[in-house]
Amino acid sequence: MNNAIRTSARVLSSHFILVVLFVFAAFPLAVLIFNSLKSRTDLAQNPMGPPTEILFSNFVTAWNESAFLLHATNSAILVAGTVALILTLGGMAAYSLARLELPGAVVVMGYMISLTAFPVWLYLVPLFFQWRTLGLLDTLPGLILIYTAINSPLAIFLLRSFLVQIPKELEESAQLDGASRWSILLRIILPISWTGFLTIALVVAVAVWGEFQIAFVILQDTDKYPITTSFLAFAESYGRDWTLTSAVAVIAIAPIVTLFIIFQRRFAEGLTQGSVK
Amino acid sequence: MKASRISMVSMGLVFALAGCATTSASDTATESGGSGSSESAEGVVTMWIDDNMVNPCFADVVGGSWTDQEIGLQIELKPQWDSLTKTAVAAGAGPDIIMTPGVSYTAEFAKAGALVPLDEYSDLYGWGASFAPWSMAMGVSDGTLYSLQGELETMVLWYNKTVFEENGIAAPTSTAELNQVADQLSGLGIQPFASGNVDWQGVNEWLLSSVWSAQGGSDNVYAALNGSGSFTSPSIVEATAQLTEWMQTGYIGGGLDRYYTTPIDDYLVQLAQGEAAMNIEGSWRFENIDQFFTEAGSEWDWVSFPTADGEPLFSIGTGSSWALNANGANPDAAAAVLDHVFDAATQAALVVQCGMSPSPITLDMADLSSIDDRQSRLYAEVAAAAESGSYGYLTWSFWGPKSNTYLVQEIENVWAGTMSETEFLAGLDAIFLEELEAGDVPPLPLR
Amino acid sequence: MLSLDYRQKMKVGAWGFVLPIILLHAFAIVIPAGAGIFYSFTSFSGIGEANWIGLENYSRLIGDESFHAALLNNLKWLLFFWTVPFSLAILAASLLAQVKRGAMLYRVVFFIPYVLPSVVVGSLWRFLLHPDDGLPGLASTLGIPGFELALLGRSETALWTVAFVDNWHYWGFLAAILLVAMQGVSKELYEAARLDGANYFHQLIHVTIPGIRPTLLFMFLMTGIWSFLVFDYVWVMTGGGPAGSSEVIGTFIYRTAFQNFEVGYAAAQGVAVASIAITILILFSLLRKRGWEI
């Protein structure tokens, strides 16, 4: 009897705590969405609650005024490019570190993880000059290269830990057949670990989608600016109109949130793959 | 310095306006919100300016009236244009026409050899005759003219006329009266001064510029600026202490915590709606103050910031500094554009159509007849004051860059109570004198 | 058995797989960082000459009180981030590990804040923290004391408020990672503990946490390093103010380089920060060598 009560008390209290955390996480987003659907007078009287009357006009204005398509496309290009490069070049490196018995692997690993500790401001100004010399300044590809360099060390570190767990037998039979490293990588390793790759892709996508510091310094043509700078500009100039700013915020986050929700099951799988590190 | 933001601003507006950027009658290309290369090229003069609310109008007016057939003008609005310009110039590129927030910045470019000397062009275009002598002096570095100063700025006391009239308060002219009025307003439950620096930390120096010249005494400030006096002179210390008291008692902004979190638009709404009654801000506010008051249905007006002795005084300075990039392909063309920018007709159009502050050039008041009386009254009074030599000094125009940064940042420590006024001002002295010796302080026009 | 020749080729080839990314690092990070280190010994302002001044920037750094204050703020940040998000994450993850129904929904919602760009989160929370219209206003109306003043505008509360917001963004990410780690802990261990009469907390401390130790320590390491690199949230929400109370090294360096135009001095600061972060790394790897499983 006592046990049953204790168990249900425990279940109830754990759900209670989870619900509290749920509200903590979700409430601000709910407010953001509510506010994007309100009129300004509605907002003035009712800052955080649901809209008394739902308006979609803010979204129309937001779409037009913030040149959303242009900037979201830029962000998408940056994300796609960086993810592609990291998964290929980083995947290759991780594969090498995990399975190819790279001589000096420990040194390379140490080097990788040290790179994550470098603050970007140490090298941002010289990087600017260097990119200018190489003709990469004010170009999206130039920015993609920088994002790849910065995000790859951690990505490689994590990818390696995924790949290390794959049983060696799978490879060895292919090796006995004389298969090249490439075909082993593509035909055997990848199909097994692709959710791990997806997870890394998502984490990198989130980082690139939200980056603004470096983009700001490297890009000079406002047509090339990503969605983050577009949003900041909007928030500053239309600051008085929070309903409009909220609408811009909602469309700015919609792509990345959608991406996450679509892939979240795979993402969880991917994390599971790497769990034992 | 105008209330342009530290980081990014109105890109949305830029793109909205890019759609209606006019190409003038000839084939010249005028773009706001640039696309394509900003590299200097023969036949096209490039200019990078701040991406704020008023500059799209600037681009329209200046670009739209540029009628040269052979030289194209490309005006690009860029967020953080100042640091972008600096790094670009340092890398051997950058726009043909360099615009900086103040003369101390262009002076730095000049010292690094990045600018084209302007003396010849000045003779050619007669700039010496049209610009106020005090502003010409500022653009000289090591005996050579390197920059022209734009956007005459002065600090005034804006106030909600409706609130004043309703409560029988007369606009104050002396410090004593100002304090009286502030106390009276506070007693009525009205915030004496609206303010907030979350958008722009430089609001700190709007306040300092006002109280130092008006209450500390412009002669004392002048002495400190040329090295013969000190910022620790008693009246300057007292003026700083007065400001601190207003900050700490909540007279300004309704409390330090509010001051640090209130955006400019919000406090202007407060001013217009009568929650606050006065505002210590510069003449750039003519740009949009009407909007706020029309929305709230009340009246505004201004007086010169009250002085210790009650005599009117204007602290003046300039909001922008213009120079020619030595990396540019065609300095002659760029100089022609520069002349066009500072042409009396262009400047008048900028005032009338964009609400911008005019540059310190001789303007035909007839051109300005369509603007608000209160605004033309200001320009007339400032011009008279400048000529008679009785004016004060805006910190962003007459201090060196390091001392300027120091005073903006460190005053917050005084307000927090962790630093005394004397310590703060002594520190300022030290840094300023270093800069003065190194030649980093803009030339001071003689009184 | 694989021929020796094959293995030899494998080793050379192995480097071929790593070289491209290492070259990219060299170009985009290491070489500029080297230049940065060079600048740290000069008085380079971003334009003009880079005059050699030796260790002057470093001696100036040692005496620079504002820099020390910023560093102290990073340490406070570190303290906050090693406790608050980890507590929330461990709590949520351990509860979720046992929930059958609806776990996926919780996981998604907890994680979504992490996906949002800092500029949006910062902007949103500035609204929510408004003393009159936001949550503090609500609290004051309900009679809860202490929220009448703008939290971001007071020196005492500014830094912690920003940390709170960054925590809102971060803890879900941590929870997701720890949850997965917890799922790898053998159920039998929990059974055994329950039979011994251990309650929830006992299980947490004696089974769960030891079970996820490698992941936990790795996240402590990364969080530690990231605490010294924090920039976005402080910059967007307070810009380092008021009166430098929320200034962290990141914003301090940014200001030095891009507002005060003292690139040489900023580079010296960058070197200092990199040294701190690398020291943390070395500490962790030493601990690892001594058998602490990481």
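Residues numbered from 1 in each chain as written. Chains lettered and ligands numbered in written order. Predicted model: local features only at pLDDT ≥ 70, side-chain atom pairs only at ≥ 80, totals over all residues. Heavy atoms only, no water.

Enquirer: Describe in detail the overall build of chain C, supporting the description with residues and values.
Expert: For chain C, the helix and strand inventory stands at 13 helices and zero strands. Traced from its N-terminal end to its C-terminal end, chain C shows the element sequence α-α-α-α-α-α-α-α-α-α-α-α-α. With the principal axes as the frame, chain C shows a C-alpha extent of 80 × 75 × 30 Å. For chain C, the proportion of its 294 residues judged to be buried stands at 58%. Restricting the contact set of chain C to residue pairs at least 6 apart, pairs at least 24 apart contribute 67%. Of the roughly 12,600 Å² that chain C leaves accessible, carbon and sulfur atoms contribute 66%. Charged side chains in chain C number 17 positive and 17 negative. The centres of these two groups are separated by 15 Å. (Helix = DSSP H or I, 4+ residues; strand = E, 2+ residues; numbered from the N terminus. Buried < 20%, exposed > 50% of the residue type's maximum accessible area, 1.4 Å probe, protein only. Contact = heavy atoms within 4.5 Å. Areas by Shrake-Rupley, 256 points an atom, 1.4 Å probe, with all protein chains shown as cover. Lys, Arg positive; Asp, Glu negative; His and termini not counted. Charge placed at Lys NZ, Arg CZ, Asp CG, Glu CD.)

Enquirer: Outline the packing of helix 12 (residues 249-258) of chain C against helix 13 (residues 263-289) of chain C, listing residues and values.
Expert: Residue and element names in this part refer to chain C. Packing of helix 12 against helix 13 brings their axes to within 8 Å, and their N-to-C directions diverge by 160°. Judged by the inter-axis angle, helix 12 sits roughly antiparallel to helix 13. When you trace helix 12 past helix 13, the crossing you get is left-handed. Here Ile249, Phe252, Ile253, Thr256 and Ala257 of helix 12 come into contact with helix 13, specifically with Val263, Tyr265, Ala266, Gln269, Gly270 and Val273. A per-class count over the contact of helix 12 with helix 13 returns eight nonpolar, three polar and no charged. (Axes fitted to C-alpha atoms, helices over the stretch in contact; angles between N-to-C directions. Parallel < 35°, antiparallel > 145°, perpendicular 65-115°, else oblique. Left-handed = near helix turned anticlockwise from the far one by under 90°. Nonpolar A, V, L, I, M, F, W, Y, C, P; charged D, E, K, R; others polar.)

Enquirer: Describe the environment of leucine 163 of chain A, naming the residues involved and giving the relevant values.
Expert: Residue and element names in this part refer to chain A. The residue leucine 163 is located in helix 7 (residues 140-163) in this model. Its relative accessible area of 0% is what places leucine 163 among the buried residues. Those residues in contact with leucine 163 that lie beyond four places of it in its chain are Ala94, Tyr95, Ala98, Arg99, Ile189, Ser193 and Phe197.

Enquirer: With reference to specific residues and values, describe helix 10 (residues 203-214) of chain B.
Expert: Residues and elements named next belong to chain B. Taking 1.5 Å of rise per residue, the twelve residues of helix 10 would be expected to cover 16 Å, and the 17 Å separating its terminal C-alpha atoms lies within 8% of that figure. Of all twelve residues making up helix 10, twelve are buried, and the element is well covered by its neighbours. Inspection of helix 10 places Val203, Asn204, Glu205, Trp206, Leu207, Leu208, Ser209, Ser210, Val211, Trp212, Ser213 and Ala214 among the buried residues, and these make up the whole buried set. (Expected span 1.5 Å × (residues − 1).)

Enquirer: Talk me through the packing of aromatic side chains; I want residue IDs and the actual numbers.
Expert: Residues and elements named next belong to chain C. For the structure shown, the criterion picks out 60 aromatic pairs over all chains. Between the aromatic rings of phenylalanine 80 and phenylalanine 81, the centroid separation amounts to 5.5 Å while the plane-to-plane angle is 50°, which identifies the pairing as tilted. Each member of the pair, phenylalanine 80 together with phenylalanine 81, is buried. Geometrically, the ring pair formed by tyrosine 106 and phenylalanine 110 is tilted, given 5.9 Å between the ring centres and 35° between the ring planes. Placement of the pair is tyrosine 106 and phenylalanine 110 together in helix 4 (residues 103-115), with a separation of four residues, close to one helical turn. (Phe/Tyr/Trp six-rings, centres within 6.5 Å; stacked < 30°, edge-to-face > 60°.)

All we've got here are geometric facts, nothing functional implied.
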